[in-house]
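Spelled out, the chains give:
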Amino acid sequence: MKKIVLLVALAFVALACGEKKENKETKTTTELSGTIKVDGSSTVFPITEAVAEEFRTAQPKVKVTIGVSGTGGGFKKFSRGETNLSNASRPIKDKEKKACAENNINYLELEVAYDGLAVLVNPENDWVDSFTVEELKKIWEPAAQGKIMKWNQIRPEWPNEEIHLFGPGVASGTYDYFTEAIVGKSGSSRGDFTASEDDHVLVQGIAGDKYSLGFFGLAYYAENKDKLTLIGVHNGETVVKPTLETVSNGTYRPLSRPLFVYVNSTSVKSAEVVEFVNFYIENAGELSKDVGYIPLPAENYIEQKNKFQTFVKSNN
Amino acid sequence: MRKIKEFVIEQSLLTSALITIAVTFGIVAVLGFEAVIFFSEVSIIDFFTDTQWTPLFTDKHYGILPLLSGTLLTSFIAISVALPVGLSISIYLSEYAPTSFRKTIKPLLELLAAVPTVVYGFFALIVVTPFLQSIYPNLSGFNALSAGIVMGIMIIPFVSSISEDALHAVPHSLREASFGMGSTRLQTAFKVVVPAASSGIIVSIILAISRAIGETMIVAIAAGQQPRLTLDPTVPVETITAYIVQVSLGDVQHGSIEYRTIFAAGITLFAFTFLLNTISYRIRKKYQARYE
């Protein structure tokens, strides 16, 4: 008996060793080195960081530095040719395009993921069917602090009960984004709500409270569908609930937006940047989901990849 | 040779005592230093009178009252649970229970204090809150009530153990005199032994309150994170300790006014527990002098 156990164990050890060797061989085919400079939006930062971390295992000698100067600050450096890639949570503006043209910087825009925000209530809440942006603004703007405290202050037919608010803390990019889209100014909101950077706390809070209202990244709703009710937001034409589809086709306004990475033409002359961007497009779908964003449809990633390959070819 | 050895031992003992004191003073100094800078920017009158605490948001208010009310509310609930239960246990153990039973049950009770507070926190959130919601459906998912009750359970050993020691220390002659006058066991326990041990019991209660005020994990998990000036135990509140945790874990910039709020909150908390500990020390001294 003992012998058999030993044999099986040995076989496993042998197998394990074999596998490792194989891995190593595939990875060491082309070892690149160098530094890739990335800067820009703090919203895109988590995705780029996750990609860079994974990339480190594939190409340990390539150093990726990622700054967070904001989308505008990132484009400023990008247009001066100081960075290879620029993270952006909005498309490039005309002014920035002009700055790039003046410095002979050609660039390519790549969509990497979508960002969607879910507005949620407790499943026992039977009065709310949708919100308008104005209503959300009325609830969350700084002037609401200590004043908008009851549901019937938003719509008179809603119950005369205290409203319990839950949202991400000020350190969260989701908070910046929500306040920018709803209140109009990033980082500007009331202060008397349960604020936590930990989305689990928000899920627990909304799930356990009939008079609650909260918001956070759509990815988190997907994990807790049975405990929360998703509320549609009026986009100016009709009420839209955030789904993979409405977020990716842009009808879930204003709480969804595409996220971009920009790459310039001189950078794609170096192999490590090409390798990194290819790696980025290949893994952005999965990694963006990990960090709470919405991946593009699979065919879009293929499209982005083709776009990038043509761009590389035309610049080499 | 022996003298040197004695000297070394003596000095090392002294050093360990001094280190403890130095650490305490260091903490007070850091708290005080940062708090002074905080109060140079925020008026101390606003700090104690403003009814809103929103230092991290657009409309900034620095009123400690909502955090203080959260702390006192949860501690009050905890004491309302721990006091009757803890006292009943201690009277039973000291006056009624046979010695062998007392010797086994007392360490078991003290096990309650050995449960990590984070476990208590999840117990409050996942077991106690849903249970309370089945009785009272309007209860919020985060509330002072369930955090307070669980905190009360946690501090039962503080009350029961120290009170039991005090009750047990009451000289037998008092009990015998009471029995001799024809009193029943119950009368003796409540009219003679408890009053005689009252200072010890008060010390146990104060220490338990002090523990409840400083408790962090349970309230951070189960009581919510919304500073709110209320005495309603069914809604989310935030305690001073929970606020300090929230800011310390977030990415508030060091040296900013938001960052200094935690020192102002910390020194308020320290003032409270320091006061309570001093009172309990005073009472204990008085009590020791009584029967020796």
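Residues numbered from 1 in each chain as written. Chains lettered and ligands numbered in written order. Predicted model: local features only at pLDDT ≥ 70, side-chain atom pairs only at ≥ 80, totals over all residues.

**Here's the deal with the environment of B:T49**
At step 1: Within the element layout of this structure, B:T49 appears in helix α2 (residues 44–49).
At step 2: With 11 C-beta atoms counted inside 10 Å, the residue B:T49 sits in the exposed group. (Helix = DSSP H or I, 4+ residues; strand = E, 2+ residues; numbered from the N terminus. Buried ≥ 20, exposed ≤ 12 C-beta atoms within 10 Å, placed from the backbone.)

**A closer look at the confidence of the model for chain B**
Residues and elements named next belong to chain B.
At step 1: Chain-level statistics for chain B give a pLDDT mean of 90 and a share of 97% at 70 or above.
At step 2: The weakest mean pLDDT in chain B belongs to helix α12 (residues 257–290) at 86; the strongest belongs to helix α3 (residues 65–96) at 94.
At step 3: Note on the complex model: pTM 0.72, ipTM 0.72. (pLDDT = per-residue confidence, 0-100.)

**Describing helix α11 (residues 298–314) of chain A**
All names here are of chain A.
At step 1: When the terminal C-alpha atoms of α11 are compared, their 25 Å separation across 17 residues agrees well with the 24 Å that a helix rising 1.5 Å per residue should span.
At step 2: Residues of α11 that are buried include every one of Y301, Q304 and F311, and no others. Burial along α11 is one-sided: seen end-on, the buried residues are contained in an arc of 85°. Structural note: α11 exposes A298, E299, I302, N306, T310, K313 and S314 on the side pointing more than 90 degrees away from its buried face.
At step 3: On the buried face of α11, the contacting elements are β4 (107–121) and α10 (271–290). (Expected span 1.5 Å × (residues − 1). Arc of directions from axis to C-beta. Contact = placed C-beta atoms within 7 Å.)

**Comments concerning the environment of A:K305**
Residues and elements named next belong to chain A.
At step 1: Examined against the element boundaries, K305 turns out to sit in helix α11.
At step 2: Residue K305 is classed as partly exposed on the basis of its 16 C-beta neighbours within 10 Å.
At step 3: Linking K305 and A143, residues 162 residues apart in sequence, is a C-alpha distance of 46 Å.

**What to know about helix α5 (residues 133–140) of chain A**
An α-helix turns once every 3.6 residues. As a result, residues three or four positions apart point the same way.
At step 1: Looking at α5(A), one finds that the buried residues are A:L136, A:I139 and A:W140. The buried side chains of α5(A) occupy one side of the element, clustering within an arc of 80° when seen end-on.

**Overview of the domain arrangement of chain A**
Residue and element names in this part refer to chain A.
At step 1: Structurally, chain A comprises domain 1 (32–114 + 258–314) and domain 2 (116–256).
At step 2: Averaged C-alpha coordinates put domain 1 and domain 2 at centres separated by 31 Å.
At step 3: Opposite the 9 residues of domain 1 that make contact, domain 2 presents 11 residues.
At step 4: In the side of domain 1 that touches domain 2, the residues fall into 5 nonpolar, 3 polar and 1 charged. (Domains from an automatic or database assignment. Nonpolar A, V, L, I, M, F, W, Y, C, P; charged D, E, K, R; others polar.)

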